[in-house]
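Architecture and fold: a report
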Amino acid sequence: MKYTPCLITLGLLAAATSVPAWAADAEAPKPKPVDTIAQTPLSAAWAARIWLQDRGVTPSARIVVATGVNSDGYKGTGWSTAEHVDIGAMIDTGKAFGVDGTMRVVFSDRFGNAVNDRSTGSYVQNQAFYGQGQNLRFNELSYERWLLDKRLSLKGGFYSMGNDFGGLPYTCNFNNNGQCGHPLGPIYSSGWLDNPTGQWGLRVKWADPSGWYAQTGIYDVVPMRKQAGSGFRVSDRGKTGLFLPVEVGYSHGNTGAHYGGTYKVGYYLDTSNADDIGNPAAPHASHRSGSYIQLAQRVLKPEGDTVRGVSVFGVATRADAKTGLMRYSWEAGLSWRGVVASREDDVLSLAWTRLDISDRLAEYQRITGKDVQSNEQFVELNYGVQVTPWLILRPAVQYVARPGAYDSRPDSWVFTLQAQATL
């Protein structure tokens, strides 16, 4: 079996690492972040877990169950339930092995079915934790080192490049993958990979104490890894190219005392050959590229120092004109944390997504007499209830217009309920 050179590089990186942020100052209480809600595992007080953590190993386990039912669909209506399980560990290699650093290992499994797949045919998945093989999967084995007073980070291993690029915390407050996770434009228009499918890669990041950062990386592109039965495919067989992302961002004021915000822009180049989206018979394009911009800003809070309040966010992506299926994608929304003063970790969220299909593809469909695609739009309103520190329930109502970007497919209301347990 032939392995990518990143496997060798991962071994070389093991020579040096630094103490991870989550391990530092463990005894000092820290203010709650505004843009995320930290979950306390069900097993937090278990003796076995404490014993492992004292030795540098912090176990992680999560179960997500998302069920939904649709009102209309070109394939029909009915209930669909998707499940996701992941288990792994964060390892403080300084404590565990005597060499400072952070190692992460994760295995995941997905099963069940989804509303968009069985009924509506939309690009946006109503249940975000669905897809990518629906099978047991070797998700991640990564290793990170911080240098120069924790300003320079080096990371390498087998993991989804989307773990480090193109993320926006507020967009994780939704049940669908149009807002939960990463922008769909790059995912449908390039070799961009999102969790749980891994890839071999290296990432370099510079983080300034003022809040500015810049990062870049290099990752292999092996589309076969997303397929069923390929959950443990770590070789580079089927490799089509390399994925090269660059991202610059700024984050400020993430505690309750501030009006915090996050802003980032990114560009990616995928060296894989690709079909001309408007003329499949034409010679292959030599690459795929695109860009994105993301922002989030807290705009309202009821008192001086609180995590409660309203934040708004927006995302826009632009894909390669010649090869990108989704030429543009757009997201906009808001999250209102702590609508009820006594429940500051509950979140009310509303967002809209629009996916614009390439004009070149639409023209080709028109010329060849095929059903012409235009754009798909998706809206979700939900309320996330922090039932316990380890359990979130999120009922949601969704509306999808032109599923799959086809006027011929009926619009649909979808009602979903997601339960997420951190064990």
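See the structure above.
Reference entry: report on the structure contained in this document. (Residues numbered from 1 in each chain as written. Predicted model: local features only at pLDDT ≥ 70, side-chain atom pairs only at ≥ 80, totals over all residues. Heavy atoms only, no water.)

1. Considering a nonpolar patch on the surface
Where nonpolar side chains cluster on the molecular surface, the patch consists of Val299, Leu300, Val312, Leu334, Trp336, Leu350, Val379 and Leu381 and spans about 610 Å² of accessible area. Breaking the nonpolar patch down by element, the ones donating at least two residues are strand S10 (288-300), strand S12 (326-337) and strand S14 (375-388). Secondary-structure assignment places valine 312 in strand S11 (residues 309-319). The partly exposed category is assigned to valine 312, whose relative accessible area is 31%. (Patch = residues over 30% accessible without salt bridge, like charges linked within 9 Å, V, L, I, M, F, W, Y side chains within 5 Å. Areas by Shrake-Rupley, 256 points an atom, 1.4 Å probe, with all protein chains shown as cover. Salt bridge = Lys/Arg side-chain N within 4 Å of Asp/Glu carboxyl O. Helix = DSSP H or I, 4+ residues; strand = E, 2+ residues; numbered from the N terminus. Buried < 20%, exposed > 50% of the residue type's maximum accessible area, 1.4 Å probe, protein only.)

2. A word on the environment of leucine 417
With respect to the helices, strands and loops of the structure, leucine 417 is situated in strand S16 (residues 412-422). As a C-alpha pair, leucine 417 and threonine 67 span 350 residues in sequence and 5.5 Å in three-dimensional space. What leucine 417 contacts, discounting residues up to four positions off in sequence, is Val65, Ala66, Thr67, Asn175, Arg394 and Pro395. (Contact = heavy atoms within 4.5 Å.)

3. Some words on the layout of surface pockets
Put simply, the second largest pocket is a space of about 170 Å³. Around the second largest pocket, the lining is made up of 13 residues, and of these Arg327, Asp356, Ile357, Ser358 and Asp359 lie nearest the centre. Listing elements by their share of the lining of the second largest pocket, those giving two or more residues are S12, strand S13 (347-357) and helix H6 (359-367). (1 Å grid on protein atoms, 1.4 Å probe; cavity = no way out; pocket = protein on both sides within 12 Å on 5 of 7 lines; lining within 4 Å. Points joined across faces, edges and corners; volume = space filled by probe spheres on them.)

4. Let's talk about empty space enclosed by the protein
Taken as a whole and assessed by the stated rule, the structure comprises two cavities of 30 Å³ or more. The volume enclosed by the largest cavity comes to roughly 60 Å³. In this structure, the largest cavity is lined by Asp35, Tyr170, Ser251, His252, Asn254, Gly260, Gly261, Thr262, Ala296, Gln297 and Arg298. Listed by contribution, the elements that provide at least two residues to the lining of the largest cavity are strand S8 (241-252), strand S9 (261-270) and S10. For the lining of the largest cavity, the leading source of residues is S10, giving three residues.

5. Structural notes on a negative patch on the surface
Residues Asp72, Asp371, Asp407 and Asp411 make up a contiguous surface patch of negative charge. Its location among the elements puts aspartate 407 in the loop between strand S15 (391-401) and S16. Note on aspartate 407: relative accessible area 60%, which makes it exposed. (Lys, Arg positive; Asp, Glu negative; His and termini not counted. Charge placed at Lys NZ, Arg CZ, Asp CG, Glu CD.)

6. A closer look at the nonpolar core
Ranked by internal contacts, the top residues of the largest apolar core, which has 23 residues, are Trp192, Phe243, Leu325 and Ile357. Only helix H5 (184-189), strand S7 (212-221) and S13 provide two or more residues apiece to this core. When residues no more than four places from it in sequence are discounted, the contact partners of phenylalanine 243 are Met161, Ser190, Gly191, Trp192, Gly217, Ile218, Tyr219, Val221, Tyr268, Leu269 and Asp270. (Core = buried A, V, L, I, M, F, W, Y, C linked by side-chain atoms within 4.5 Å.)

7. Quick notes on unusual backbone geometry
Between asparagine 195 and proline 196 the backbone carries a cis peptide bond, its omega angle lying at 15°. Positionally, proline 196 belongs in the loop between H5 and strand S6 (199-207). Positive phi outside glycine occurs at leucine 148, with the angle close to 50°. Here leucine 148 is to be found in the loop between strand S4 (137-147) and strand S5 (152-159). The backbone of arginine 402 sits at a positive phi, close to 55°, despite the residue not being glycine. Mapped onto the secondary structure, arginine 402 falls in the loop between S15 and S16.

8. Observations regarding the pairing of strand S3 (residues 102-112)
As paired elements, strand S2 (residues 78-92) and S3 share 11 bridges and run antiparallel to each other. The partner of glutamate 83 across the bridge, within S3, is phenylalanine 111. Direction of pairing for S3 relative to S4: antiparallel, over a ladder of seven bridges. Looking at the pairing, valine 106 lines up with glutamate 140 of S4. (Pairing = 2+ DSSP bridges.)

9. A closer look at the packing of aromatic side chains
Under the criterion given, the structure shown has 15 aromatic pairs. Measuring from centroid to centroid gives 5.6 Å for phenylalanine 107 and phenylalanine 138, while their planes differ by 40°, and the two rings are tilted. Here phenylalanine 107, found in strand S3, pairs with phenylalanine 138, found in strand S4; they are 31 residues apart in sequence, far enough to count as distant. Phenylalanine 107 gets classed as partly exposed once you look at its relative accessible area, which sits at 33%. (Phe/Tyr/Trp six-rings, centres within 6.5 Å; stacked < 30°, edge-to-face > 60°.)

10. Let's talk about the pattern of salt bridges
Following the criterion strictly, the structure yields 17 salt bridges and no others. In this structure, the salt-bridge partner of glutamate 363 is arginine 366, at a minimum N-O distance of 2.7 Å. Taken together, the residues glutamate 363 and arginine 366, both in helix H6 and three residues apart, mark about one turn of the helix. Glutamate 363 gets classed as partly exposed once you look at its relative accessible area, which sits at 38%.

11. Focus: the pairing of S9
As defined by bridge partners, S8 adjoins S9 across 10 bridges and the pair is classed as antiparallel. When the sheet's bridge partners are listed, proline 245 is paired in S9 with tyrosine 268. Of the pairings in the sheet, the one linking S9 to S10 comprises 10 bridges and is antiparallel in character. By the bridge assignment for S10, leucine 269 is matched with serine 289.

12. Things to note about the side chain of arginine 308
Inspection of the secondary structure assignment puts arginine 308 in the loop between S10 and S11. From its side chain, arginine 308 meets the backbone oxygen of glycine 338 in a polar contact 2.7 Å long. Those residues within four positions of arginine 308 in sequence are excluded, and the remaining contacts are Arg298, Leu300, Lys301, Pro302, Glu303, Arg337, Gly338, Val339, Val340, Ala341 and Glu344. (Polar contact = N/O pair within 3.5 Å; in protein donor to acceptor, adjacent residues only side chain to side chain.)

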